[in-house]
Amino acid sequence: MKTSVARATAVAGMGFALIAGLAATPASANSSGWWTSQHGRAEGFYNENNGHVYANDLRRDGYSAITQVRTNRNGYFVVDVKDTFANNRGSWKTPTLYRGVVFKIRVCAVKGKHKPTQCSDWHTFER
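What you see is a predicted model, and the numbers here were worked out from it, not measured in a lab.

Remarks on the state of the cysteines
- All chains considered together, the criterion is met by 1 disulfide.
- In this model, Cys-108 is linked to Cys-119 through a disulfide, with the two sulfur atoms separated by 2.0 Å. Its S-S torsion of approximately 110 degrees makes the covalent link between Cys-108 and Cys-119 right-handed. Pair noted here: Cys-108 is in strand β7 (residues 102–110) and Cys-119 is in the loop between β7 and β8 (123–126), with a separation of 11 residues, a long-range link.

Below is the structure:
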């Protein structure tokens, strides 16, 4: 009796750990993961499940969020997504990203039409 209770407890614990681990990771191995700009003003990511590149402005401070995606090999422009609302809804675009290609993504804050600042590092992901 004690053995089956211990076994059931261990299985339940492993199931909870698996669910918690999946909740903390991107929806797909080929999604880019969530990235945040310096000073926490903006966040963004690429989601392979729906093909969206997201930008989310996190603060009402006069800055907007911009998520930039480029090809990793030569840095060619793929898409920029800008969110200016700071309403926690974000903005997105659905660019064509071909399978087997490595891309890079970064998230920045931008004020007006100035160049992006406070950018995260470039992070690579494969579609």
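Considering the packing of aromatic side chains
- Summed over all chains, the structure comprises 5 aromatic pairs.
- Where Trp-34 meets Phe-45, the ring centres are 4.0 Å apart and the plane angle is 40 degrees; that geometry is what we call tilted. Here Phe-45 lies in strand β2 (residues 42–47) and Trp-34 lies in the loop between α1 (2–23) and β1 (35–36), a separation of 11 residues in the sequence.
- With a relative accessible area of 11%, Phe-45 lands in the buried category.
- Aromatic pair Phe-45 and Tyr-54: ring centres 4.9 Å apart, planes at 10 degrees, arrangement stacked.
- Using a relative accessible area of 18% as the deciding quantity, one classes Tyr-54 as buried.

Cut-offs applied
Residues numbered from 1 in each chain as written. Predicted model: local features only at pLDDT ≥ 70, side-chain atom pairs only at ≥ 80, totals over all residues. Heavy atoms only, no water. Disulfide = S-S within 2.5 Å. Helix = DSSP H or I, 4+ residues; strand = E, 2+ residues; numbered from the N terminus. Phe/Tyr/Trp six-rings, centres within 6.5 Å; stacked < 30°, edge-to-face > 60°. Buried < 20%, exposed > 50% of the residue type's maximum accessible area, 1.4 Å probe, protein only.

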